[in-house]
Amino acid sequence: MAISAANLIARAQSIAGLGAAYISGFIANARWGYWVDDGVEELYQLMIAADPQLFRQSALFTLAGATNWTDLTALIGTTPSAVLNFRQLLGVTRNPVTPNRQTLHRFNFAERDVQWQKPTYRPMGNLLYIEPMEQAPGDYVVFYGQGCAYPFATAANLDDRMEPWAEYIETFAAIQGLVKEKSDTRALEARLAAIAEALEETANRDAGEPDSITDVEDDGSNPWL
């Protein structure tokens, strides 16, 4: 079910339990919208902390000649324009559409002059470099954490992945309304903490396969080397 900013605001006002006259006379609707969007951002941070892969997307790029970098914001763009689509880097693969695809690991500056080193990636702000430069030309796919839309600022519905936790956003906004009204927020703060705890506990539903340690020596390019 699509959840709009208006739905979130109405529910937040109901949770706050403030009278209609107070809401309309002292707290502008836009202020509730800003609080809702702040709640969306806080929920997003909780969700990616619990499961960094939850908002994962990918994009292909090619490097040629003497160029060993790509601009991630230009490559990935913004969706929508008010929200940066690229929020965090999750991984880089070389030759992604061939049997010889290769996982790249982060560049280690202390090993910058090691001979015969394998290609590595180096993020610098919104730029992604492939090192060493001599080995940079080629095809790549970058995996990244996508941002989320803010319902009030962008007039978009709440992200589907956030819908099960919409109460967190509504409770967050309700607390801000009570703070402005100088009312007690302890009960709602306890509820907010309980929702966050439940989110963390249910983030990983794959109970049959535990997390494993990353083998940084094996990039998958050749099992016999």
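Here the structure is a predicted model, which is why all the values come from computation and not from measurement.

**Regarding helix 7 (residues 186-202)**
Step number 1: Here helix 7 spans 25 Å end to end across 17 residues, near enough to the 24 Å set by a 1.5 Å rise per residue.
Step number 2: Residues of helix 7 that are buried: L188, L192, I195, A196 and L199. Looking down the long axis of helix 7, one finds its buried residues gathered within 100° of arc, a one-sided arrangement. Facing away from the buried side of helix 7 by more than 90 degrees, the exposed set consists of R186, A187, E200 and E201.
Step number 3: On the buried face of helix 7, the contacting elements are helix 1 (5-16), helix 3 (29-50) and helix 6 (166-180).

**Details of the packing of aromatic side chains**
Step number 1: Taken as a whole, this structure holds 6 aromatic pairs when the rule is applied.
Step number 2: Where F61 meets Y140, the ring centres are 5.2 Å apart and the plane angle is 15°; that geometry is what we call stacked. Linking F61 in strand 1 (residues 56-63) with Y140 in strand 7 (residues 138-146), this pair joins segments that are 79 residues apart in sequence. Here F61 and Y140 have matching classes, each one buried.
Step number 3: In this structure, R122 is placed above the aromatic ring of Y129, and the distance from its NZ or CZ to the ring centre is 4.7 Å.

Thresholds applied
- Counting of residues starts from 1 at the beginning of each chain's written sequence and follows it residue by residue.
- At least 70 in pLDDT is required for a residue's local features to be given in this predicted model, at least 80 for side-chain atom pairs to be given and counted, and no such filter applies to totals for whole chains, interfaces and linings, which use all residues.
- Excluding hydrogens and water, the side-chain values take into account all heavy atoms of the structure.
- Working definition: helices are DSSP H or I runs of at least four residues, strands are E runs of at least two. Numbering for both runs from the N terminus.
- Multiply 1.5 Å by the residue count of a helix minus one, and that product is the helix's expected span.
- Here the term buried applies to any residue with accessible area under 20% of the maximum for its type, exposed to any over 50%, and partly exposed to those in between, with areas from a 1.4 Å probe on protein chains only.
- The arc in question is traced by the directions running from the helix axis to the C-beta atoms.
- The contact rule is simple, with two residues in contact once any of their heavy atoms fall within 4.5 Å.
- The criterion for an aromatic pair is that two Phe, Tyr or Trp rings (for Trp, the six-membered ring) have centres within 6.5 Å, with stacked assigned to planes under 30 degrees apart, edge-to-face to planes over 60 apart and tilted to the rest.
- Geometrically, a charge over a ring is one whose NZ (Lys) or CZ (Arg) sits within 6 Å of the ring centre while staying within 35 degrees of the ring normal.

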